[in-house]
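# Commentary on secondary and tertiary structure
One-letter residues, chain by chain:
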Amino acid sequence: MKLKDKVCIVTGAASGLGLAIAHKYASEGAKVAIADLNADAAQKAADEIKDAYGTDTKALVMDVTSEDAVNDGVAAVVEAWGTVDVLVSNAGIQIVNPIEEFKFSDWKKMLAIHLDGAFLTSKAVIPHMYKQGSGAILFMGSVHSKDASKLKSAYVTAKHGLLGLARTIAREGGPKGVRTNVICPGFVRTPLVEKQIPEQAKELGISEDEVISKVMLGNTVDTEFTTVEDIAEVALFFAAFPSNALTGQSLLASHGWVME
Ligand code: NAD
């Protein structure tokens with residue numbers, strides 16, 4: 001039990017990567033708050049995880065771009081469980097378009113969910129982590145924290161930005177026992193990616209099979225998708241790491257798509 005009784009908040013945990021991380025943390029003994037815009041799916045996930053592992057869970061209806069919603073959600077967790085030990089800022093969406101057609105409103109929405117969300121959730125949990133002298137913050141970056149692809153100006157900008165925020169919090173939080181790291185997955189077949197396959201095929205003028213084999217997996221070492229389980233393992237490794245040696249880092253898990 002690597003996270004026995006640890007209090008964890010995972011945003012965007014009603015689906016995809018966040019849901020898999022919530023399962024993994026609960027299976028290691030954590031109390032897990034499932035924070036998501038989608039109230040029904042968050043409650044369903046919280047109930048299922050509680051039944052599966054017997055740990056305490058909580059569904060939080062939270063729009064990570066709303067300071068009030070984030071603060072209220074974190075306050076509810078602290079009231080129920082006393083503190084926050086681990087934050088996974090994972091909620092995200094994707095909007096693809098060439099830059100000359102990218103709506104300014106979409107650009108702002110993307111930066112708000114990915115960057116404001118990481119900032120607001122970190123800001124809300126950090127006082128509790130400082131108070132107890134320990135805590136782990138994880139941001140869900142991407143291969144697009146390190147590299148770029150066509151059609152993804154806002155996503156690539158936001159995911160690069162998370163590296164800067166993580167490094168700053170690592171420096172500020174280090175003396176107070178708070179670690180901050182970024183996970184950088186390659187393509188994982190979640191709803192976020194399934195939606196992109198036809199959209200990219202249309203924009204790039206190629207077939208959906210070619211989007212998968214060339215655009216998504218073309219640079220991997222084995223033409224395989226990364227899985228939600230792969231990323232949940234990385235999230236467990238960062239959350240449970242036993243010292244402050246591992247902070248300010250970003251780890252690519254992408255079947256070798258990008259190597260550094
Ligand atoms: P997903 O669509 O399966 O899940 C995203 C979840 O975030 C959904 O439950 C959604 O309701 C929630 N959400 C969206 N906006 C929100 C908001 N404003 N406030 C709270 N919750 C919100 O997507 P996923 O693939 O699991 O993506 C999760 C994260 O992983 C994202 O940050 C994404 O950029 C990142 N990522 C995904 C991949 C991939 O290939 N799937 C690769 C690299 C990084």
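The structure under discussion appears in the preceding block.
A short tour of the structure in this document, coming up. (Residues numbered from 1 in each chain as written. Predicted model: local features only at pLDDT ≥ 70, side-chain atom pairs only at ≥ 80, totals over all residues. Heavy atoms only, no water.)

Here the focus is the pairing of strand S1 (residues 7-11). Within S1, five of the five residues are buried, which leaves the element mostly enclosed by the surrounding structure. The side-chain alternation of S1 yields two buried faces, one formed by Val7, Ile9 and Thr11 and the other by Cys8 and Val10. Bridge count for S1 against strand S2 (residues 31-36) is five bridges, and the pairing is parallel. Opposite Cys8, over in S2, you have Val32 as the bridge partner. The β-α-β motif built from S1, the intervening helix H1 (residues 16-27) and the parallel element S2 has right-handed crossover chirality. The pairing of S1 with strand S4 (residues 86-89) spans three bridges and is classified as parallel. What sits directly across from Val10, in S4, is Val88. (Buried < 20%, exposed > 50% of the residue type's maximum accessible area, 1.4 Å probe, protein only. Helix = DSSP H or I, 4+ residues; strand = E, 2+ residues; numbered from the N terminus. Pairing = 2+ DSSP bridges. Right-handed = clockwise from strand over helix to strand, strands pointing away.)

With that settled, the discussion passes to unusual backbone geometry. The phi angle at Asp5 is positive, at roughly 65°, despite the residue not being glycine. Structurally, the position occupied by Asp5 is in the segment before S1. With a phi close to 75°, Leu151 is a non-glycine residue in the positive phi region. Residue position: Leu151 is located in the loop between strand S5 (135-140) and helix H5 (153-173). Here Leu151 falls in the buried class, since its relative accessible area comes to 11%.

Moving on, we get to the side chain of Asp36. As for its position among the elements, Asp36 is in strand S2. Among buried charged residues, Asp36 stands out as having no salt bridge; its nearest opposite-charge side chain is Lys44, 12 Å away. Polar side-chain contacts of Asp36 include one of 2.9 Å to the backbone nitrogen of Asn38. Those residues in contact with Asp36 that sit more than four places away from it in its chain are Gly12, Ala13, Ala14, Ser15, Ala42, Leu60, Val61 and Met62. (Lys, Arg positive; Asp, Glu negative; His and termini not counted. Salt bridge = Lys/Arg side-chain N within 4 Å of Asp/Glu carboxyl O. Polar contact = N/O pair within 3.5 Å; in protein donor to acceptor, adjacent residues only side chain to side chain. Contact = heavy atoms within 4.5 Å.)

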